[in-house]
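Coordinate analysis (summary)
Chain residues, written in single-letter form:
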Amino acid sequence: MRGKLLSRFRRAWEEKRPALIISGPIGAGKTLASLALAAHLKKEGLTIGGVVSPRVIRDGETVGYRVKDLRTGKELLLCAREPFPGAFPFRRFFFSQKALDFANLVLREAAKEAEVIVVDEVGPLELSGRGFALGLWAARESSAFLILTVRPSLLSEVERWLKLENGSVVFLLGGDP
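Let us look at the structure shown here.

So, how was this worked out
- Residues numbered from 1 in each chain as written.
- Predicted model: local features only at pLDDT ≥ 70, side-chain atom pairs only at ≥ 80, totals over all residues.
- Heavy atoms only, no water.
- Buried < 20%, exposed > 50% of the residue type's maximum accessible area, 1.4 Å probe, protein only.
- Helix = DSSP H or I, 4+ residues; strand = E, 2+ residues; numbered from the N terminus.
- Pairing = 2+ DSSP bridges.
- Expected span 1.5 Å × (residues − 1).
- Arc of directions from axis to C-beta.
- Contact = heavy atoms within 4.5 Å.
- Core = buried A, V, L, I, M, F, W, Y, C linked by side-chain atoms within 4.5 Å.
- 1 Å grid on protein atoms, 1.4 Å probe; cavity = no way out; pocket = protein on both sides within 12 Å on 5 of 7 lines; lining within 4 Å.
- Points joined across faces, edges and corners; volume = space filled by probe spheres on them.
- Nonpolar A, V, L, I, M, F, W, Y, C, P; charged D, E, K, R; others polar.

**Describing the pairing of strand β1 (residues 19-23)**
A regular strand carries its side chains on alternate faces of the sheet. Across the 5 residues that make up β1, a large majority, 5, are buried. Of the two faces of β1, both are covered, the one formed by Ala19, Ile21 and Ser23 as well as the one formed by Leu20 and Ile22. Bridge count between β1 and strand β9 (residues 145-150): 5 bridges; the pairing is parallel. In the strand pairing of β9, Ser23 is matched with Val150. Pairing of β1 with strand β10 (residues 168-171) involves 4 bridges; the strand directions are parallel.

Listed below in structure tokens is the structure:
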């Protein structure tokens, strides 16, 4: 992990800001950066909770995403390009309600226990009041520091929605976080 991300976290933590927002386009490394930062902070002794959403890649193409509990390592299929049982359509993907319920439970539990909560990624589904929205709000209302991943086009809207105008933002352009 590059020192820039860790130093931005430390500064935001010391300044008592509510969050570090990692922003960048698709494929910039937001998920990897949040995983690396969470792993480093866990080694330092902080209690980490939350979820990340690694891509499912087939033949070089993103065909879906999984959702992973950072505390237990448990993963479920979050969404896929093709319909599957129990999934509902939203934009380009079909989302699993079971996976979303799982992620929201993970986030609500993290809000009770964790010092740092990771939410990868906050997007249009959350802004519509679905997706990770319920768990995300539980995390936001807790005393935990948040690490969020957000695409640049949604950054201002997410900051307003979660009242994070005083959060710290780091931009990734791609490559190694």
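**Quick look at helix α2 (residues 30-43)**
With 14 residues, α2 ought to run about 20 Å at 1.5 Å a step, and its terminal C-alpha atoms sit 20 Å apart, in line with that. If you check which residues of α2 are buried, you get Lys30, Thr31, Ala33, Ser34, Leu37, Ala38 and Leu41. Down the axis of α2, the smallest arc covering the buried residues is 160°, so these residues share one side. Facing away from the buried side of α2, by more than 90 degrees, are the exposed residues Leu32 and Lys43. Tucked into the core, α2 has its buried residues touching α1 (3-14), β1, β2 (48-52), β8 (116-122) and β9. Gly45 lies just past α2 and shows a positive phi near 100°.

**Digging into the nonpolar core**
Residues Val67, Leu78, Phe95, Ile117, Phe132 and Leu148 are the most contacted members of the largest nonpolar core, which totals 38 residues. Residue contributions to this core peak at 8 residues, all from helix α3 (residues 97-113). Counting 21 residues, the second largest nonpolar core, distinct from the first, contains Ala28, Leu70, Ile147 and Leu172.

**Structural notes on the layout of surface pockets**
Taken as a whole, the largest pocket spans an internal volume of roughly 740 Å³. Along the walls of the largest pocket sit 31 residues, with Ile26, Ser53, Tyr65, Glu121 and Arg151 positioned nearest its centre. Secondary-structure elements contributing two or more residues to the lining of the largest pocket are α2, β5 (75-80), β7 (93-96), β8 and α4 (124-127). In this structure, the second largest pocket spans a volume of roughly 190 Å³. The set of elements that each furnish at least two residues to the lining of the second largest pocket consists of β2 and α3. In terms of residue count, α3 provides more of the lining of the second largest pocket than any other element does, 6 residues in total. Of the residues that constitute the lining of the second largest pocket, the class distribution is 6 nonpolar, 4 polar and 5 charged.

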